[in-house]
Amino acid sequence: MMRPLIYFVMKALKSIKRTPALTAATVGMLTVIFLLFNGFALISHNVSTQAERWISSVRMTAFLENSATPEDAQRIAAEFTKRPLVTGAFYVTQQEAEDRFLGNFPGSKNILEGLPKNPLPSSLELELNPENIDIASLEQLASDMEKLPEVEEALYGRELFSKLTAFVSILRLMGLMIGLALVVATLFLTANTIRLSLYARREEIGILQLVGATRWFIRWPYLIEGLLQGFLGAAFSILITWLLFRASLGPLADVLTGPFGQIELQFFDPLFISKEILAGAFLGTLGSFLALGRFWRTA
Amino acid sequence: MIQMFHVSKSYQKDNPILVDVNLNIEKGDFVYLTGPSGAGKTTLLKLLFCEIAPSSGQVLVMGRNVSRTTDRTVPYMRRKIGVVFQNFRLLPNRTVTENVALALEVLYLPQKWIDKTVQVMLKRVGLTHRAKAYPEQLSGGEQQRVAIARALINDPIILLADEPTGNLDEETTKDIMGLFNDASARGTTVLLATHDPRLYMKTGRRVVRLENGRAVYDSELKLDQRTPTADGLILGRREMDGGRR
């Protein structure tokens, strides 16, 4: 098994050597296509990560009626922590709410002192399971809480949450579309290169067939050639993306320091890189296979 | 070894290339297939190495029906059939050794074994000193020897040759014919297509003549339906009768 494999790899390498300009052009174009994909994927990956981090940190606050007692709060907490969405519940008394308010807005002490009694309501803060968070379950939870006579209002940042989840969905959809375009472009490019190569070596293929070469014997070097082109295109694009990423980290550091602290940009993880290179190799091979199929039909 | 029963072949309607050809060639025979250009010689050879299928009739090669071969089985049949063409069909970017080795490479044989066998074959066709040359550096005769070496290196059961001396001078033709005779002496069945009567006259070998796609003459079957033409290629009665002895 090894000997034929080595033979086919050598044949593929010889073929690449015989048409270096064509191979370089194909690998170059594949690199550009993968680079475009990488650029989008990197931005999408970082924005999604930030958005998901926020989404997973969503908490729900149920503001209680003034008539609600700590026992009521304890009962409600016990009931709702049974749900898979809720991982914990914390009772915040009116006094604690006032302390927090004054902690956040120290200059507002006079406002509270001018009032006959503490206007801030007691509340229940629910910690949520990030894996089960979605807009429908949050809405359901808020609605169920608001049905209780002890609960005045349940809030979780509905509008921002909806916008963020919609944004992440759009990013994913765009990623999918760009991914599909990448697949089509890669197939088209490798298929065309291999087709040109096949027609250039029509005579050689004819002679190989004459002396009893099977179709697979003829196919293998071309499939390996396509595989190598796809592999190199994807690998070079990763390398260039990494170099550009490293180079842009410094200039972007200031821009990415926002009110919530420094946003840490992430490069693709090793699993993504492996998958992309494998996808490149696979698409290159598939492109070759398609070109060969067409060649047999027209030869 | 080769049997054809009522074989016809046409690429276009109303323009048959072969018409109702019957032929039986036994193992080890050396047969000349002759006839003017366009008589159907090349088409008949193409049928035998499974490049095309007959429009009607049956072609049996080594006991296998050509019409029933598939893309998968054809390569295995071709490994037992050597083919030589008038235009040599060598790969210009490969050396003599590499061109000859091609027929062994498809069998996944060890490289050492291939190198050794190619050396022996080049010695047999007298090209040892040209092993590293490229086809364009060779004379026509040398190129044809490379093509014959490639066709014979697998020890084929059948050797088909389509006008193998068509581009060669008389002296070189003699040398090349010597190689075909040598192959025949080793037991290979040879079918050689030519329009040159000098090749088969006085050889005492079997001659089959095609005219307008029909087998009009077979020295072995005493068949003679030839039309007298002015091409000067038709054999006399004496040669016909003195066919295969």
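Bear in mind that the values here come from a model prediction, so they are computed numbers and not experimental data.

Participant: So what exactly am I meant to see when it comes to the overall build of chain B here?
Facilitator: Helices and strands together make up the secondary structure of chain B, namely eight helices and 11 strands. Here chain B holds 245 residues, and the buried ones make up 42% of them. A fraction of 67% describes how many contacts in chain B between residues 6 or more apart in sequence connect residues 24 or more apart.

Participant: What is the right way to look at the packing of helix H7 (residues 158-200) of chain A against helix H10 (residues 270-298) of chain A in this model?
Facilitator: Relative placement of two packed helices is described by the angle separating their axes and the distance separating the axes. Residue and element names in this part refer to chain A. Axis separation between H7 and H10 bottoms out at 7 Å; the angle between their running directions is 50 degrees. Our classification of the angle between H7 and H10 gives oblique. The handedness of the crossing between H7 and H10 comes out as right-handed. Along the contact surface, H7 presents Val183, Thr186, Leu187, Leu189, Thr190, Ala191, Ile194, Arg195 and Leu198, while H10 presents Leu283, Gly284, Leu286, Gly287, Ser288, Leu290, Ala291, Arg294 and Phe295. Of the residues in the contact of H7 with H10, the class split is 11 nonpolar, five polar and two charged.

Participant: For this particular structure, what's the right way to read the pairing of strand E2 (residues 15-25) of chain B?
Facilitator: Regular strands place side chains that alternate from one sheet face to the opposite one. All names here are of chain B. For strand E1 (residues 2-12) and E2, the ladder comprises seven bridges, and the chain directions are antiparallel. Opposite Lys9, over in E2, you have Leu18 as the bridge partner. The loop that links E1 with its antiparallel partner E2 comprises two residues; one of these, Asp14, has a positive phi angle of about 65 degrees.

Participant: Before we go on, may I ask you to explain the sheet that holds strand E4 (residues 56-61) of chain B in this structure?
Facilitator: Within the open sheet, the four strands sit side by side as E2-E1-E4-E5 (chain B). Their pairing is antiparallel. Each edge of the sheet is formed by a strand with only one pairing partner; in this case those strands are E2 and strand E5 (64-65) of chain B.

Participant: Explanation requested: the interface of chain A and chain B in the structure shown.
Facilitator: Interfaces are often sized by the accessible area lost when the parts come together. In this assembly, 12 residues from chain A lie in contact with 13 residues from chain B. Where the side of chain A that touches chain B is concerned, the elements lending two or more residues are helix H1 (2-18), helix H8 (202-210) and helix H9 (215-255) of chain A. Top contributing element to the side of chain A that touches chain B by residue count: H8 of chain A, with four residues. Here the residues of the side of chain A that touches chain B sort into seven nonpolar, two polar and three charged.

Participant: Please clarify how the nonpolar core should be interpreted in this entry.
Facilitator: Counting residues in hydrophobic clusters, the biggest one holds 74 residues, and the most contacted among them are Leu33, Leu48, Val100, Ala149 and Leu160 of chain B. In this structure, Leu160 of chain B is in contact with Leu45, Leu48, Phe49, Ile81, Val83 and Leu191 of chain B, ignoring residues within four places of it in sequence. Counting 26 residues, the second-largest nonpolar core is a separate cluster that includes Ala12, Phe37, Leu223 and Leu227 of chain A.

Participant: Hey, could you run me through the packing of helix H3 (residues 96-105) of chain B against helix H5 (residues 140-152) of chain B in this one?
Facilitator: Residues and elements named next belong to chain B. H5 packs onto H3 with a crossing angle of 30 degrees between their chain directions and a minimal axis gap of 7 Å. If you check the angle between H3 and H5, you find them roughly parallel. The handedness of the crossing between H3 and H5 comes out as right-handed. Touching Val96, Asn99, Val100, Leu102 and Ala103 of H3 are Val146, Ala149 and Arg150, all from H5.

Participant: What exactly am I supposed to notice about H5 of chain B here?
Facilitator: Helical geometry: 3.6 residues make up each α-helical turn, so side chains three or four residues apart lie on a common side. All names here are of chain B. Look at H5: 18 Å from first C-alpha to last across 13 residues, which is about the 18 Å you get at 1.5 Å a residue. Among the residues making up H5, those that are buried are Glu142, Gln143, Gln144, Arg145, Val146, Ala147, Ile148, Ala149, Arg150, Ala151 and Leu152. On its buried face, H5 is in contact with strand E6 (81-85), H3, helix H4 (111-124), strand E7 (158-162) and helix H6 (170-185).

Conventions we followed
The residue count restarts for each chain, going from 1 along the sequence in the order it is written. For this description, chains carry letters from A and ligands carry numbers from 1, given in the order in which they are written. Two thresholds apply to this predicted model, a pLDDT of at least 70 for residue-level local features and 80 or more for giving and counting side-chain atom pairs, whereas whole-chain, interface and lining totals are computed over all residues. For helices the rule is a DSSP run of H or I covering at least 4 residues; for strands it is a run of E covering at least 2, with both sets numbered from the N terminus onward. Here exposure depends only on C-beta density: within 10 Å of a residue's C-beta, 20 or more other C-beta atoms make it buried, 12 or fewer make it exposed, and intermediate numbers make it partly exposed, the C-beta atoms being placed from the backbone. Our contact criterion uses C-beta atoms placed from the backbone: two residues qualify when those atoms are within 7 Å. An axis is simply a line fitted to the C-alpha atoms; with a helix, the fit covers only the stretch in contact. Between two such axes, the angle follows the N-to-C directions and lies from 0 to 180 degrees. Here the angle decides the label: under 35 degrees means roughly parallel, over 145 means roughly antiparallel, 65 to 115 means roughly perpendicular, and every other value means oblique. Left-handed is the label given to a crossing in which the near helix is rotated counterclockwise from the far helix by less than a right angle, and right-handed is the label when the rotation is clockwise. Ten residue types, Ala, Val, Leu, Ile, Met, Phe, Trp, Tyr, Cys and Pro, are classed as nonpolar, four, Asp, Glu, Lys and Arg, as charged, and the remainder, Gly among them, as polar. Two strands qualify as a pair provided that DSSP identifies no fewer than 2 bridges between them. Core membership is restricted to buried Ala, Val, Leu, Ile, Met, Phe, Trp, Tyr and Cys residues, and these are joined into a nonpolar core through C-beta atoms within 7 Å. In this scheme, a helix's expected span is set at 1.5 Å multiplied by one less than its residue total.

Honestly, that's just the spatial picture; any functional story needs more than this.
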